[in-house]
Amino acid sequence: APSALTATMGLSGGTATSSGQYMGSTAGLSALLGPLRQSGASISIGSADYLAVMKRWAACSGRSVGSCARFAPEAFVARSDYVGDLLSARGRAAAIEASRSATLLLDAYGGAINQVGADATAFVHRDQLFSIQYLAYGAGARGRVNTAYRQMRPFVSGEAYQNYIDPQLSAWRRAYYAGNWSRLVRVARKYDPDEVFAFRQGIDQ
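First, a word on scope: everything that follows refers to the structure included in this document. (Residues numbered from 1 in each chain as written. Predicted model: local features only at pLDDT ≥ 70, side-chain atom pairs only at ≥ 80, totals over all residues. Heavy atoms only, no water.)

**Notes on the pattern of salt bridges**
For step 1, the next point in the chain: The full count for this structure, using the stated rule, is 3 salt bridges.
For step 2, the next point in the chain: Residue Asp166 is joined to Arg79 by a salt bridge in which the shortest nitrogen-to-oxygen separation is 2.7 Å. Taken together, the positions of Asp166 in the loop between helix H7 (141-151) and helix H8 (172-177) and Arg79 in strand S3 (residues 76-83) put the pair 87 residues apart, joining distant regions of the chain. Of the two residues, Asp166 and Arg79, both sit in the buried class.
For step 3, the next point in the chain: As a salt-bridge pair, Arg100 and Glu97 come within 3.5 Å of each other at their nearest N and O atoms.
For step 4, the next point in the chain: What makes Arg100 exposed here is its relative accessible area of 52%.
For step 5, the next point in the chain: For Glu97, a relative accessible area of 41% corresponds to the partly exposed category. (Salt bridge = Lys/Arg side-chain N within 4 Å of Asp/Glu carboxyl O. Helix = DSSP H or I, 4+ residues; strand = E, 2+ residues; numbered from the N terminus. Buried < 20%, exposed > 50% of the residue type's maximum accessible area, 1.4 Å probe, protein only.)

**Some remarks on helix H5 (residues 89-98)**
For step 1, the next point in the chain: Residues of H5 that are buried: Gly91, Ala94, Ala95 and Ala98. Summarising the axial view, the buried residues of H5 lie within an arc of 100°, below the 170-degree limit, and thus occupy one face.
For step 2, the next point in the chain: Summarising the contacts, the buried residues of H5 are in contact with strand S1 (5-12), strand S4 (103-108) and H7. (Arc of directions from axis to C-beta. Contact = heavy atoms within 4.5 Å.)

**Here's the deal with the layout of surface pockets**
For step 1, the next point in the chain: Counted as a void, the largest pocket has a volume near 1600 Å³.
For step 2, the next point in the chain: Considering the residues around the largest pocket, the lining is formed by 45 residues, among which Leu5, Thr6, Ala7, Ser19 and Gly20 are closest to the centre.
For step 3, the next point in the chain: The set of elements that each furnish at least two residues to the lining of the largest pocket consists of S1, strand S2 (15-22), helix H1 (26-32), helix H3 (50-57), S4 and helix H6 (111-114).
For step 4, the next point in the chain: Per-element tally for the lining of the largest pocket: the top contributor is S2, with 7 residues.
For step 5, the next point in the chain: Grouping the constituent residues of the lining of the largest pocket by class yields 25 nonpolar, 17 polar and 3 charged.
For step 6, the next point in the chain: Considered as a void within the structure, the second largest pocket measures approximately 270 Å³ in volume.
For step 7, the next point in the chain: Forming the boundary of the second largest pocket are 16 residues, of which Leu184, Ala188, Asp192, Phe197 and Ile203 lie nearest the centre.
For step 8, the next point in the chain: It is helix H9 (residues 181-191) that contributes the most residues to the lining of the second largest pocket, 4 residues altogether.
For step 9, the next point in the chain: In terms of residue class, the lining of the second largest pocket is made up of 10 nonpolar, 4 polar and 2 charged. (1 Å grid on protein atoms, 1.4 Å probe; cavity = no way out; pocket = protein on both sides within 12 Å on 5 of 7 lines; lining within 4 Å. Points joined across faces, edges and corners; volume = space filled by probe spheres on them. Nonpolar A, V, L, I, M, F, W, Y, C, P; charged D, E, K, R; others polar.)

**Here's the deal with the sheet that holds S3**
For step 1, the next point in the chain: If you trace the 5 strands from one edge of the open sheet to the other, you get S2-S1-S4-S5-S3, paired in antiparallel fashion. With one partner strand each, in any of the chains shown, S2 and S3 form the two edges of the open sheet. Mean inter-strand twist for the sheet, computed between neighbouring axes without regard to direction, equals 20°.
For step 2, the next point in the chain: Where S3 lies against strand S5 (residues 130-137), 8 bridges are found, and the strand directions are antiparallel. (Pairing = 2+ DSSP bridges. Axes fitted to C-alpha atoms, helices over the stretch in contact; angles between N-to-C directions.)

See below:
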């Protein structure tokens, strides 16, 4: 797809839903979605101004900014992975099966994200196709997330999203930062010598 189109997908209970955003005309988007429509998917499209679209992504569609800022915190468990190659048929089947234990949230990469070199910024995941967040609420959430996580092990790259800090992740330095780790340690020594931002999976000095 062109860089003007981005999308996320949710897999839950074996069912797939997706939402996205296209920086272009409604007619252009409709043409891009033709193959998806031909597969039998139910599709709804429309246009909105920038603020309305941002509120939709923040799950605040139809609400004021003030009301969106007020929410009831809810405990959840989450882990993450990256996928660097197209999933095989076995990988797709594993993802569907994993979604029966926990929700899988898939965020597409590509476009502007992948046009930057892996060593150009602190964010190293520039050659990945998409990220997966495993998510569950309520009783038994950790066990359900871990089940889904284990089912996807043969099909993921070993990298993980550092904004989804995972206390169970042992090889987190490689997973979060890969080849950028040494440079980030030097940056931390220079700009945070007192380790104000230190935490259990922070940049070691």
